[in-house]
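Examining the three-dimensional arrangement
Okay, here's what each chain looks like letter by letter:
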Amino acid sequence: MSTPSPGADRPILARLNSRGFRLVMLLDGVAILGLAVGTMWWRYGLPPWPTYPTGAYAVSFAVSTAIFISAFYFGGLYEREPRLGGAAVFPRAAGLSLAAGSLIALLNLALTSLANQRGSLTQRVLPFPIPNLLAVIVLGAVVVAINRAVVHALRTRREGPPRVVIAGEQGDLELARRHLAAVEARALVVVAEVDDPAGVVEVARELRATDVLLVTGAWLDSWYPRTIDHLDQLGLTTLLRVTGRETLFGLDRLREIGGMPFVLLHAQTMPSSQRHFKRILDLVLLVVTAPVWIVLLVAVSLYQFAVAGRPVLFTQTRVGVGGEPFDMVKFRTMRTDAEADGVATLSTGKADSRVIPACRWVRATRADELPQILHILTGKMSIVGPRPERPELTAGFERDIAGYTRRHEVPPGLTGLAQIHGRYHTDAEYKLGYDLQYLVNWSPVLDLEIIARTIWVIVTRRV
């Protein structure tokens, strides 16, 4: 008798949610498609509509709906939002809707131009009248915001108001208590106050809390990252009350609860939608640049074989996404007895006597990392991300540097922010600062910027 897979007994909607699907995505898709058809009906009545056959409009509206939903997804609109102090949906939906509409117009223009060049004379490959598209852009953002409000109201009706645990020192608890006393009971219910930093997880679990408000900022040092991770595993949202000082440090997206400003504490630095977008970007860039990196890979392989002999490749265990080890390959640039004593030793840069003289330029230009492109194709690595470290070194870093495990949330990178700003000998804690800065501020533009600056590092041979 076969053993059911983990999670097989969970409701199908819960399993879909764990994979990034939200029921509201279906509602948004129906709404966008309905707006596309509705604007045509408003202007031209029932089909057939002018200029193009009904089938052409159907394909165009289906593709456009998929583009809208993709923009909403990769823009983070379907990430789990806190029940307390949730960010306004309409401004984000409006920006993403405008981006989707612009992409549809550009895609239509590009496909139509390509069709005309091939001799297939046509006015539009994806017919979608501009006035109708503008109406869908505006009304789509409105409908998406309404859908969120409806879903939020239904959830509150089904589950009741958020059950809140307030955590902090007595003075801060008293201040928070006075503010939250003015909040209506249907908005939130305070189920406990905790003045012990170590006791919040157990209290939240026993009282089936939904949210934790940390009102003493000094506790964050002891909470980060384990307590926050434990609360996230319980499905709780954790928010930190901030003062003017923290705001001056560059905090944004403040959320108001009972008149107090809070920021959301993320257990995951990069949302799943961004991680998926990053993966797609990696594959696109590899396909586009394939003629370049394939030639370089072959040329450096032949050079390494000529000057360093066998083995050409060097395999070493590194820590990958989720802290899981994997065998990383690179071109061998050091003597075969570089670590004959079996002790993991960081390179000292240009002065490292273990480096083969004829291979110094390979190391200086980062050409020794080229074989890792194969790891990018399989998803073990990414083009840009924190560099993978050896397990022996990582164990010490995790023990000595708070939050070091956060850099393992995404696949390690061929290059990264720490590599373009730091050196081989840059301290691990400083590199962690670059890595976390990258994760928090990730965008496709940032990846392209790091790639461009990496090329400059290669040209200047900076180690």
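Residue positions are given per chain, counted from 1 along the sequence in the order it is written. For a predicted model such as this one, the threshold for reporting local features is a pLDDT of at least 70, and the threshold for listing and counting side-chain atom pairs is 80 or more; totals across whole chains, interfaces and linings nevertheless cover every residue. For the side-chain quantities, the full set of heavy atoms in the structure was used; hydrogens and water were omitted.

**A few points about the overall build of the protein chain**
Where helices and strands are cited, they refer to DSSP runs of H or I of at least four residues and of E of at least two residues respectively, numbered from the N terminus. Per the secondary structure count, the protein chain includes 18 helices and 10 strands. For every residue, the accessible area (1.4 Å probe, protein chains only) is compared with the maximum for its type, and the residue is labelled buried under 20%, exposed over 50%, or partly exposed between those bounds. Taken over 463 residues, the protein chain has a buried fraction of 44%. Relative to all contacts within the protein chain whose residues are 6 or more apart in sequence, the contacts with residues 24 or more apart total 72%. Computed with a 1.4 Å probe, the accessible areas rest on the Shrake-Rupley method; for each residue, only the protein chains presented here act as cover. For the protein chain, the exposed area adds up to about 24,600 Å²; of that, 63% sits on carbon and sulfur atoms. Here, residues are in contact when the closest pair of their heavy atoms is within 4.5 Å.

**Digging into the nonpolar core**
By size, the foremost hydrophobic cluster in this structure holds 36 residues, and its most contacted members are Leu370, Tyr438 and Ile450. By residue number, the principal contributor to this core is helix α17 (residues 428–440), which donates five residues. With residues near it in sequence (within four places) discarded, Leu370 still touches Leu296, Leu297, Val300 and Phe331. Nonpolar cores were defined as sets of buried Ala, Val, Leu, Ile, Met, Phe, Trp, Tyr and Cys residues, with membership established by side-chain atoms within 4.5 Å. Core analysis: the next-biggest nonpolar cluster, separate from the first, contains 30 residues, Leu35, Met40, Phe61 and Ala141 among them.

**Looking at the confidence of the model for the protein chain**
Confidence scores labelled pLDDT are given residue by residue by the predictor and lie between 0 and 100. Per-residue confidence for the protein chain gives a mean pLDDT of 84, with 87% of residues at or over 70. Confidence drops under pLDDT 50 across residues 1–9; counting only partners more than four residues distant or on other chains, this segment forms two contacts.

**Re helix α5 (residues 130–159)**
What a helix is expected to span follows from its residue count: subtract one and scale by 1.5 Å. Taking 1.5 Å as the rise per residue, α5 with 30 residues should run 44 Å; its terminal C-alpha atoms sit 43 Å apart, in good agreement. We define the bend at any residue as the angle between the axes fitted to the seven residues before and including it, ending there, and the seven starting there. A maximum bend of about 25° is found in α5 at Leu139. Buried residues along α5 sit against α2 (23–44), α3 (54–74) and α4 (89–117). The positive-phi residue at the C-terminal boundary of α5 is Gly160, with phi of around 85°.

**Looking at the environment of Leu207**
Within the secondary structure layout, Leu207 lies in the loop between α7 (200–206) and β3 (211–214). C-alpha of Leu207 to C-alpha of Val165: the two residues are 42 residues apart in sequence and 8.9 Å apart in space. Residue contacts for Leu207: discarding those within four places in its chain leaves Arg163, Val191 and Ala192.

**Some remarks on the sheet that holds strand β5 (residues 255–257)**
Pairs of strands are assigned from DSSP output, requiring at least two bridges between the strands. Strands sit in the order β2-β1-β3-β4-β6-β5 across an open sheet of six strands; the sheet is mixed. Bordering the open sheet on either side are β2 (189–194) and β5, each of which pairs with just one other strand. Neighbour to neighbour, the strand axes of the sheet diverge by 35° on average, direction disregarded. In this sheet, strand β6 (residues 260–265) lies alongside β5 in antiparallel orientation, the contact comprising three bridges. Across the sheet, residue Ile257 finds its bridge partner in β6, namely Met260. Fitted lines through C-alpha atoms serve as axes, helices being fitted only where they are in contact, and the angles separating the N-to-C directions of these axes extend from 0 to 180 degrees.

**Details of the packing of aromatic side chains**
Ring pairs shown here join Phe, Tyr and Trp side chains whose ring centres sit within 6.5 Å, with only the six-membered ring taken for Trp; geometry is labelled stacked below 30 degrees between planes, edge-to-face above 60, and tilted in between. The tally for this structure, following the rule as stated, stands at 12 aromatic pairs. Measuring from centroid to centroid gives 5.1 Å for Phe74 and Phe277, while their planes differ by 35°, and the two rings are tilted. Residue Phe74 is found in helix α3, and its partner Phe277 is found in helix α11 (residues 272–288); the two are separated by 203 residues along the sequence. Residue Phe74 is classed as partly exposed on the basis of its relative accessible area, which comes to 25%. Phe277 gets classed as partly exposed once you look at its relative accessible area, which sits at 29%. An aromatic cluster is built from Trp49, Tyr52, Tyr57, Phe61 and Phe128, whose rings are joined through pairwise contacts.

**Quick notes on the pairing of β3**
Of the two faces of β3, the one carrying Asp211 and Leu213 and the one carrying Val212 and Leu214 are both buried. Inspection of the sheet shows strand β1 (residues 163–167) paired to β3 by four bridges, in the parallel sense. By the bridge assignment for β3, Ile166 is matched with Leu213.

**Some words on the pairing of strand β8 (residues 325–331)**
Counting buried positions along β8 yields five of seven residues, so the element is predominantly enclosed. As paired elements, strand β7 (residues 313–319) and β8 share seven bridges and run antiparallel to each other. Looking at β8, one finds that Thr317 is bridged to Asp327. Counting the residues between successive antiparallel strands, the hairpin from β7 to β8 contains five residues, one of them, Gly322, with a positive phi of roughly 70°.

**Some details on the pattern of salt bridges**
Whenever Lys or Arg places a side-chain nitrogen within 4 Å of a carboxyl oxygen from Asp or Glu, that contact is recorded as a salt bridge. For the coordinates displayed, the defined rule picks out 16 salt bridges. The salt bridge partner of Arg205 is Glu202, with a shortest N-O separation of 2.7 Å. A residue pair is termed a helical-turn pair when its members lie 3 or 4 positions apart in one helix, as Arg205 and Glu202 do in helix α7 at three residues. When the shortest N-O distance is used, the salt bridge between Asp435 and Arg407 registers 3.0 Å. A residue pair is termed long-range when its members are at least 10 positions apart, and Asp435 in helix α17 and Arg407 in the loop between α15 (391–400) and β10 (413–415) qualify at 28 residues. The class for Asp435 is buried, based on a relative accessible area of 2%. Salt bridges sharing common partners tie together Glu174, Arg177, Arg178 and Glu193.

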